[in-house]
Amino acid sequence: MPYRPRSTLEQWRILQAVVDAGGYAQAAELLNKSQSSLNHAVAKLQNQLGVELLEVRGRKAYLTEAGEVMLRRSRLLTQQVEDLELLAANIDQGWEPEIRIAVELAYPRRFLNEALAAFYPLSRGSRIQLIDCVITGTAEMILQKRADLVIAASAVIPKGYLGEHLCHIRFIPVTGSHNPLATANQIDQNELSQHLQLVIRDTAQKPQENIGWLRAEQRWTVDNFFEAIEILQLGLGFCWLPDFMVTDYITRGTLVQLSLNQSSERMATISLVAPKEETLGPGSKQLRQLILAAHQKS
């Protein structure tokens, strides 16, 4: 007799939502379902499988050891179904209705904007959604396949994914002209660590603060580089910023590049990744080529 599944994709999706949201109440709000229906779905799934997947401690649901294994495998299953359905849609429609592009915040947008301008006459009405990402948040976009195209720092591209080279970004340490650091020479890292550092918020659900210079005892976290620049101009703190973003401020004298006795710059390579290569739609493929062409012209 042919095998008949005891569980459904909807049950696995509910389990994933409960874990990702941190509890039944949060998942119910996220999925716009009642909490009791989620409790029932997970309880039924556990009964059907004969395995305890979740245990509730206080108000939060935690995975059992068996649950961790099953959840990991279920994500592969639901992703494969999504990819299959997307492939069917692309075959049927020939052109995707929406293209999602995740973009590392440090990337110079003029190249992407040039590609989008060239793409617009060819777009056939496709909607474009641009998503700002930072550090491991960009890697998360690739792993979770939440975008058709991802512009990412090569250092964070997960194993198993290939990136096409776009450009190099140079980061330099800067401060405001009224900050005492602005007139200091040959600052060492121990001295720098005693000053306020501005850092850009990692957009990952579970950020990992292990990339970049993060040795300062006191750090203020902001959402983007422009917020950091505003604070720096008040004479507060220092920050590592892409040089193309601060050149004009340095020329005007409102920001100053710090003089360090170690390396006064950090380099990052930026690449273009298609997380769903096998099911990438024709519009996304066209836009990918235009982005690559924009860089080849520079």
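This one's a predicted model, so the numbers in the text were calculated from it and none came from an experiment.

Each value, and the rule that gives it
Residues numbered from 1 in each chain as written. Predicted model: local features only at pLDDT ≥ 70, side-chain atom pairs only at ≥ 80, totals over all residues. Heavy atoms only, no water. Helix = DSSP H or I, 4+ residues; strand = E, 2+ residues; numbered from the N terminus. Buried < 20%, exposed > 50% of the residue type's maximum accessible area, 1.4 Å probe, protein only. Contact = heavy atoms within 4.5 Å. Areas by Shrake-Rupley, 256 points an atom, 1.4 Å probe, with all protein chains shown as cover. Salt bridge = Lys/Arg side-chain N within 4 Å of Asp/Glu carboxyl O. Core = buried A, V, L, I, M, F, W, Y, C linked by side-chain atoms within 4.5 Å. 1 Å grid on protein atoms, 1.4 Å probe; cavity = no way out; pocket = protein on both sides within 12 Å on 5 of 7 lines; lining within 4 Å. Points joined across faces, edges and corners; volume = space filled by probe spheres on them. Nonpolar A, V, L, I, M, F, W, Y, C, P; charged D, E, K, R; others polar. Expected span 1.5 Å × (residues − 1).

**Some words on the overall build of the protein chain**
The helix and strand inventory of the protein chain stands at 10 helices and 11 strands. C-alpha extents for the protein chain along the principal axes are approximately 80 × 50 × 30 Å. When burial is assessed residue by residue, the protein chain has 44% of its 298 residues classed as buried. The long-range share in the protein chain, meaning contacts at least 24 apart out of those at least 6 apart in sequence, stands at 72%. Total accessible area on the protein chain is roughly 16700 Å²; 50% of this is exposed by carbon and sulfur atoms.

**Section: the pattern of salt bridges**
One pass over the full model with this rule turns up 12 salt bridges. Aspartate 243 is the salt-bridge partner of arginine 170, the closest N and O atoms lying 3.3 Å from each other. Taken together, the residues arginine 170 in strand 6 (residues 164–176) and aspartate 243 in helix 9 (residues 243–252) connect sequence positions 73 residues apart. Aspartate 243 gets classed as partly exposed once you look at its relative accessible area, which sits at 23%. Several salt bridges share partner residues, and in doing so they unite Glu164, Glu277 and Arg288 into one network.

**With respect to the nonpolar core**
Counting 56 residues, the largest nonpolar core has Tyr107, Leu166, Leu287 and Ile291 as its most contacted members. It is strand 6 that contributes the most residues to this core, six residues altogether. When near neighbours in sequence (up to four residues on either side) are disregarded, isoleucine 291 contacts Tyr107, Leu112, Ala115, Leu149, Leu166 and Leu272. Residues Val18, Ala28, Leu49 and Ala61 belong to the second largest nonpolar core, which totals 17 residues.

**Focus: unusual backbone geometry**
One non-glycine residue, isoleucine 135, lies in positive phi territory at about 50°. Here isoleucine 135 shows up in the loop between strand 4 (127–133) and helix 6 (136–143). Among the residues examined, isoleucine 135 registers a relative accessible area of 23% and is labelled partly exposed. Unlike most non-glycine residues, lysine 145 shows phi in positive territory, near 50°. Within the fold, lysine 145 resides in the loop between helix 6 and strand 5 (149–153). Looking at lysine 145, the relative accessible area reads 22%, which means it is partly exposed.

**A few points about the layout of surface pockets**
What the largest pocket holds in volume is close to 1600 Å³. Surrounding the largest pocket, 33 residues form its lining, Gln16, Asp20, Arg75, Leu143 and Gln144 being those nearest its centre. For the lining of the largest pocket, the secondary structure elements donating two or more residues are helix 1 (9–21), helix 2 (24–31), helix 4 (65–93) and helix 6. Among the residues forming the lining of the largest pocket, the class breakdown is 11 nonpolar, eight polar and 14 charged.

**Quick notes on helix 10 (residues 282–296)**
When the terminal C-alpha atoms of helix 10 are compared, their 21 Å separation across 15 residues agrees well with the 21 Å that a helix rising 1.5 Å per residue should span. Within helix 10, the full set of buried residues consists of Gly283, Ser284, Leu287, Arg288, Leu290, Ile291, Leu292, Ala294 and His295. The elements touched by buried residues of helix 10 are strand 3 (98–104), helix 5 (109–119), strand 4, strand 5, strand 6 and strand 11 (266–273).

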